[in-house]
Amino acid sequence: QVQLVESGGGLVQPGGSLRLSCAVSRSFLTFNNMGWYRQAPGRERELVARTLSDSNINYADSVKGRFTISRDNAKNTMYLQMNSLKPEDTAVYYCTARINPDEFYWGQGTQVTVAP
């Protein structure tokens, strides 16, 4: 079983920044794909950023240039640095890790609210 625990969410004003963390219970070598998703009220869950390796990273168009995904392999921790936050970034953010198509794990989520 894999455990992922997010932290770092909260309330921030538009234009502000937050850094989310995701502590993972296994070495990153276990996974072929790790990332962040989000779900806003009344909307479907969507991919925010995904890393297949340090050089193979994808971002949703809506966050390109503002969000950065990174990993600290020694700490088994993944991060999502979010800058220039907008009200439409308000959502519950989930970290994910995939070993294979049949083994895909989610964290419990952390709330991010962007409001004046």
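Preceding block: the structure.
Please read all numbers here as calculations on a predicted model, not as lab measurements. (Residues numbered from 1 in each chain as written. Predicted model: local features only at pLDDT ≥ 70, side-chain atom pairs only at ≥ 80, totals over all residues. Heavy atoms only, no water.)

Colleague: Explain the overall build of the protein chain to me, please; I cannot follow it from the model alone.
Modeller: Secondary structure summary: the protein chain contains zero helices and 11 strands in total. Secondary structure elements of the protein chain, listed N to C terminal, follow the sequence β-β-β-β-β-β-β-β-β-β-β. The buried share among the 116 residues of the protein chain stands at 41%. Taking as baseline every contact in the protein chain between residues at least 6 positions apart, the subset at least 24 positions apart corresponds to 54%. (Helix = DSSP H or I, 4+ residues; strand = E, 2+ residues; numbered from the N terminus. Buried < 20%, exposed > 50% of the residue type's maximum accessible area, 1.4 Å probe, protein only. Contact = heavy atoms within 4.5 Å.)

Colleague: Looking at this structure, I do not really get the pattern of salt bridges. What am I missing?
Modeller: Side-chain pairing between opposite charges can occur once the charged atoms of the two side chains come close. Tallied over the entire structure, the rule returns four salt bridges. Here R38 makes a salt bridge to E46, at a shortest N to O gap of 2.7 Å. D89 is the salt-bridge partner of R38, the closest N and O atoms lying 3.0 Å from each other. Note that R38 is positioned in strand β4 (residues 33-39) and D89 in the loop between β8 (77-82) and β9 (91-100), a separation of 51 residues in sequence. We note that R38, like D89, is buried. Within this structure, R38, E46, R66 and D89 form a network of salt bridges that share partners. (Salt bridge = Lys/Arg side-chain N within 4 Å of Asp/Glu carboxyl O.)

Colleague: Any chance you could explain the nonpolar core here in plain terms?
Modeller: As a rule of thumb, soluble globular proteins bury nonpolar side chains together. Among the nonpolar cores identified, the biggest contains 30 residues, and W36, L80, M82 and Y93 are the most heavily contacted of them. Looking at this core, the elements that each hand over two or more residues are β3 (18-24), β4, β5 (46-53), β7 (67-72), β8, β9 and β11 (110-114). For this core, the element with the most residues is β9, which contributes five residues. Setting aside its immediate chain neighbours within four residues, L80 contacts L18, R19, L20, W36, V48, A49, F67, T68, I69 and Y93. (Core = buried A, V, L, I, M, F, W, Y, C linked by side-chain atoms within 4.5 Å.)

Colleague: I keep staring at the environment of A97 and nothing clicks. Help me out?
Modeller: Considering the arrangement of structural elements, one finds A97 in strand β9. What A97 contacts, discounting residues up to four positions off in sequence, is L4, F31, N33, M34, E103, F104 and Y105.

Colleague: Would you mind going over the environment of D102 with me for this structure?
Modeller: If you trace the backbone, D102 turns up in the loop between β9 and β10 (103-106). The spacing of D102 and G35 is 67 residues in sequence and 16 Å in space, taken between C-alpha atoms.

Colleague: Before we go on, may I ask you to explain the sheet that holds β7 in this structure?
Modeller: Two modes of strand pairing occur in sheets, parallel and antiparallel, and in both the strands are linked by backbone hydrogen bonds. Pairing in this open sheet of four strands is antiparallel, and the strands run β1-β3-β8-β7 from one edge to the other. Of all the strands in the sheet, just β1 (4-7) and β7 have a single pairing partner and so form its edges. Along the sheet, successive strands turn relative to each other by an average axial angle of 15°, direction set aside. (Pairing = 2+ DSSP bridges. Axes fitted to C-alpha atoms, helices over the stretch in contact; angles between N-to-C directions.)

Colleague: Can you help me understand the pairing of β9 in this one?
Modeller: Each regular strand carries side chains that alternate between the two faces of the sheet. Counting buried residues along β9, seven of its 10 residues qualify, which places the element largely inside the surrounding structure. Here β4 runs beside β9; their pairing, made up of seven bridges, is antiparallel. Its bridge partner being in β9, N33 is matched across the sheet by R98. As paired elements, β9 and β11 share three bridges and run antiparallel to each other.

Colleague: Would you explain the packing of aromatic side chains in this entry?
Modeller: How two aromatic rings sit relative to each other is set out by the distance from centre to centre and by the angle between their planes. Under the counting rule described, the total for this entry stands at four aromatic pairs. Members of the aromatic cluster, joined through ring pairs, are Y37, Y94, F104 and W106. Between the NZ or CZ atom of R45 and the centre of the ring of Y94, over which it lies, the distance is 4.1 Å. Between the NZ or CZ atom of R45 and the centre of the ring of W106, over which it lies, the distance is 4.4 Å. (Phe/Tyr/Trp six-rings, centres within 6.5 Å; stacked < 30°, edge-to-face > 60°. Lys NZ or Arg CZ within 6 Å of the ring centre and 35° of its normal.)

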